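Fold and contact review
Chain residues, written in single-letter form:
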Amino acid sequence: MKSSNPVLTRLGQAAERQRTAGYGYGEPYPTTPGYAAPPVAQTMSIDDVVVKTVILLGLTGISAVAAWNLIPDAYLGVAWIGAAIVGLILGFIISFSQMANPALVVTYAVVEGVFVGMVSKFFETFYHGIVLQAVVATFGVFALMAVLYTQRVIRSSPRFRKIMIASIGGLFMIMVINFVLSLFGVHTGLRDNGLIGIVFSLVCIVVASLSFVLDFDQIEQGVRMGLPQRYSWICAFGILVGLIWLYLEILRLLSYLQGGSRN
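Predicted model, so just to flag it, every value in this text is computed and none were measured.

Right, let's talk about the overall build of the protein chain for a bit. The helix and strand inventory of the protein chain stands at 8 helices and 0 strands. By residue count, 43% of the 263 residues in the protein chain fall in the buried class. At a minimum sequence separation of 6, the contacts of the protein chain that also span at least 24 residues come to 83%. In the structure as shown, the protein chain presents an accessible area of about 13700 Å², 70% of it carried by carbon and sulfur atoms.

What follows is the structure in structure tokens.
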């Protein structure tokens with residue numbers, strides 16, 4: 001079963017590999033004389049994912065506050081771009097590596113904190129109070145999606161997954177094309193204040209919100225299949241990525257509604 005998040009798509013494959021390996025993963029070890037059974041690896045639980053997610057969010061928040069207060073305004077753009085590039089590289093490494101590396105995940109959270117802090121400071125300069133509004137809205141949407149999922153109001157059916165994966169892939173391609181066109185002075189209006197920009201931001205927010213359903217489902221299945229405890233870091237990383245995307249989209253939409261685009 002796959003998720004819209006490339007990190008979480010590997011969970012099912014990891015569980016299958018662990019079950020195939022057998023030893024040290026809750027399976028009986030051969031009772032051969034002279035051999036001692038290796039310690040049984042603890043399996044991941046929902047609580048593990050929650051704790052790791054809170055840790056990563058805390059690190060991201062602390063890093064964002066530190067960057068906001070310590071990095072001079074003159075270096076805001078450099079810090080913004082630098083953190084974005086480093087975060088993107090780390091994100092790809094974590095997403096496509098075969099090992100759950102807590103150190104890399106923690107580093108990603110800190111770097112993304114700098115990025116989020118600089119972006120937030122930029123928007124707050126023009127729209128007072130917008131950051132607090134975006135933070136409250138982001139966690140409100142996340143909590144709503146968690147409730148809707150646990151109550152089975154929204155389910156991750158095969159059709160739902162296909163639609164979501166296609167939607168996220170399509171939005172990503174549109175954003176890349178729009179960015180490339182902007183480098184040549186072509187403005188499509190997708191990221192400007194106006195009807196097109198507002199509608200596009202709303203679409204991104206809806207898709208980002210619904211993507212949590214896929215992630216919740218993948219985490220739940222990972223727990224059911226008995227993934228090793230260390231994979232809770234990967235799950236927490238996946239949730240963090242979704243929250244940051246949702247926050248940035250809400251921040252942008254609020255800037256439109258409060259008086260214009262400041263790209």
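This part is about the packing of aromatic side chains. Inspection of every chain in the model, using the stated rule, returns 10 aromatic pairs. Taken together, a centroid distance of 6.4 Å and an interplanar angle of 55° make the contact between F126 and Y127 tilted. What makes F126 partly exposed here is its relative accessible area of 39%. Residues F142 and F216 carry aromatic rings whose centres are separated by 5.6 Å and whose planes lie at 65° to one another, so their mutual orientation is edge-to-face. One end of the pair, F142, is in helix 5 (residues 130-150); the other, F216, is in helix 7 (residues 195-225), with 74 residues separating them in the sequence.

Turning our attention to the nonpolar core. Soluble globular proteins tend to bury their nonpolar side chains together. The biggest cluster of nonpolar side chains holds 60 residues, and the ones touching the most others in it are L56, F123, I130, F212, F216, I239 and L251. When contributions to this core are tallied by element, the ones reaching two or more residues are helix 2 (46-70), helix 3 (76-96), helix 4 (102-126), helix 5, helix 6 (158-183), helix 7 and helix 8 (232-257).

Its 26 residues place the ends of helix 6 38 Å apart at the C-alpha level, agreeing with the 38 Å of an ideal helix rising 1.5 Å per residue. Of all the residues in helix 6, the buried ones are F160, R161, M164, I168, L171 and N178. Taken together, the buried residues of helix 6 touch helix 7. Looking one or two places after helix 6, you find G185, whose phi comes out positive at around 80°.

Taking 1.5 Å per residue, 31 residues should reach 45 Å; helix 7 reaches 46 Å between its end C-alpha atoms and fits that length. G226 lies just past helix 7 and shows a positive phi near 80°.

What follows is about the environment of S45. Among the secondary structure elements, S45 is positioned in the loop between helix 1 (10-21) and helix 2. Using a relative accessible area of 25% as the deciding quantity, one classes S45 as partly exposed. On a C-alpha basis, the gap between S45 and P228 in space is 9.1 Å, while along the polypeptide they are 183 residues apart.

A few words on the side chain of S63. With respect to the helices and strands, S63 occurs in helix 2. Using a relative accessible area of 8% as the deciding quantity, one classes S63 as buried. A polar side-chain atom of S63 sits 3.3 Å from the main-chain amide nitrogen of V114. Apart from the residues lying within four places of it in its own chain, the contact partners of S63 are V110, G113 and V114.

Take Y75: it is sitting in the loop between helix 2 and helix 3. Using a relative accessible area of 51% as the deciding quantity, one classes Y75 as exposed. The spatial distance from the C-alpha of Y75 to the C-alpha of M118 is 9.6 Å, given a sequence separation of 43 residues.

Rules of the game
- Residues numbered from 1 in each chain as written.
- Predicted model: local features only at pLDDT ≥ 70, side-chain atom pairs only at ≥ 80, totals over all residues.
- Heavy atoms only, no water.
- Helix = DSSP H or I, 4+ residues; strand = E, 2+ residues; numbered from the N terminus.
- Buried < 20%, exposed > 50% of the residue type's maximum accessible area, 1.4 Å probe, protein only.
- Contact = heavy atoms within 4.5 Å.
- Areas by Shrake-Rupley, 256 points an atom, 1.4 Å probe, with all protein chains shown as cover.
- Phe/Tyr/Trp six-rings, centres within 6.5 Å; stacked < 30°, edge-to-face > 60°.
- Core = buried A, V, L, I, M, F, W, Y, C linked by side-chain atoms within 4.5 Å.
- Expected span 1.5 Å × (residues − 1).
- Polar contact = N/O pair within 3.5 Å; in protein donor to acceptor, adjacent residues only side chain to side chain.

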